[in-house]
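The primary structure of each chain is shown beneath.
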Amino acid sequence: MSLYLGCPVWSFKGWVGNFYPKGTKSTDFLREYARRLTTIEGNTTFYAVPAPKTIEAWAEQTPETFRFCPKIPKAISHNGKLADYADRARQFVEIMRPLASRLGPMFLQLPPSYSPKLIDDLTAFLDTFPTDVRLGVEVRHLDWFEEPHRAILNKLLADHNMARVVIDTRPIRDLAGDESIKGSSYESLLEARERKPNVPVFEEQTTDFTFLRFIGHPQMEQNHVWVEEWVNRITDQLSAGTDAFVFCHSPDNMLAPSICREIHQRISSRIQIPPLPWDEIRSDVFEQGKLF
């Protein structure tokens, strides 16, 4: 079992002088990021497919233990029926293969309009996805969370050894309408879920790895109850031999690294796991409890 912790981005200037050393140049952001955390939710690939030289540079700047989790491009996932773009999805996988051991689970995020009525299309797409590459699937149409659709999707993913991505927005529920999330994907997601507020955050286990997207509150103390809940779940999963990929977000990105570290410290106090790389580097910038 392995625990991988990361954020949705590495290129964020607001981390210079706190998460990154003072004076860090943008060309060194990924290198410094990988010296602290162990995975990245590859949102950049959602908007553009990287050039081979870019992928080569990513590998050169990260240790072999680091994992990239590229998001399937929007041109595939948000452009109608998935089966029509199965060939392009396989091409995308081949483009990312040079990451080799650094290639973690890929991530297919479906739009809110993609409903259970398209289950046959999703099945056809997953049938053609390379079996040697891990994949997590995130659905957003609310009917996927209701029976029988929930069970049908879970079985489909289990049959393909794929994960059902879990996204937890509970920490920022009280930010609905707040300027800090205005215009963001979090705002639209919250609006959809608030229309049906009893939709639970399910602990979906359909394969041998967990893929969690935790959307944290910008004030750390507001996250503690939810962090503790996930620490309990992830500790149990790791103890059972399951890998866990945990991606911590916050509306302005500032607090995301600290949430990662908080989760790691709580889990490591319960079971034996490798130290976070961040804990093994000396820094005159970081002090526990004073990062942001």
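Residues numbered from 1 in each chain as written. Predicted model: local features only at pLDDT ≥ 70, side-chain atom pairs only at ≥ 80, totals over all residues. Heavy atoms only, no water.

What to know about the overall build of the protein
Phase 1 of the analysis: For the protein, the count of helices and strands is ten helices and nine strands.
Phase 2 of the analysis: In terms of its C-alpha atoms, the protein occupies a principal-axis envelope of roughly 55 × 45 × 40 Å.
Phase 3 of the analysis: Here the protein, with 292 residues, has 55% of them falling under the buried criterion.
Phase 4 of the analysis: Partitioning the intrachain contacts of the protein with sequence separation of at least 6 by distance along the chain shows that 79% fall at a separation of at least 24.
Phase 5 of the analysis: With the model as given, the accessible surface of the protein reaches about 13300 Å², and the carbon-plus-sulfur share is 49%. (Helix = DSSP H or I, 4+ residues; strand = E, 2+ residues; numbered from the N terminus. Buried < 20%, exposed > 50% of the residue type's maximum accessible area, 1.4 Å probe, protein only. Contact = heavy atoms within 4.5 Å. Areas by Shrake-Rupley, 256 points an atom, 1.4 Å probe, with all protein chains shown as cover.)

Topic: the packing of helix α6 (residues 119–128) against helix α7 (residues 149–159)
Phase 1 of the analysis: The N-to-C vectors of α6 and α7 enclose an angle of 10°; their axes lie 11 Å apart at closest approach. On the basis of their axis angle, the class for α6 and α7 is roughly parallel. Between α6 and α7, the residues in contact are I119, L122, T123 and L126 and I152, L153, L156 and L157, respectively.
Phase 2 of the analysis: Broken down by class, the residue content of the contact of α6 with α7 amounts to seven nonpolar, one polar and no charged. (Axes fitted to C-alpha atoms, helices over the stretch in contact; angles between N-to-C directions. Parallel < 35°, antiparallel > 145°, perpendicular 65-115°, else oblique. Nonpolar A, V, L, I, M, F, W, Y, C, P; charged D, E, K, R; others polar.)

Remarks on the sheet that holds strand β2 (residues 39–42)
Phase 1 of the analysis: With parallel pairing, six strands are arranged side by side in an open sheet as β3-β2-β1-β9-β8-β7. Where the open sheet ends on each side, the last strands, each with one partner, are β3 (67–70) and β7 (166–168). With strand direction ignored, the average angle separating the axes of adjacent strands in the sheet is 25°.
Phase 2 of the analysis: Sheet topology note: the strand β8 (residues 209–215)/strand β9 (residues 243–249) ladder contains seven bridges and is parallel. Counted as the bridge partner of T210 is A244 from β9. (Pairing = 2+ DSSP bridges.)

So far we have only geometry, and geometry alone does not tell us how the molecule works.
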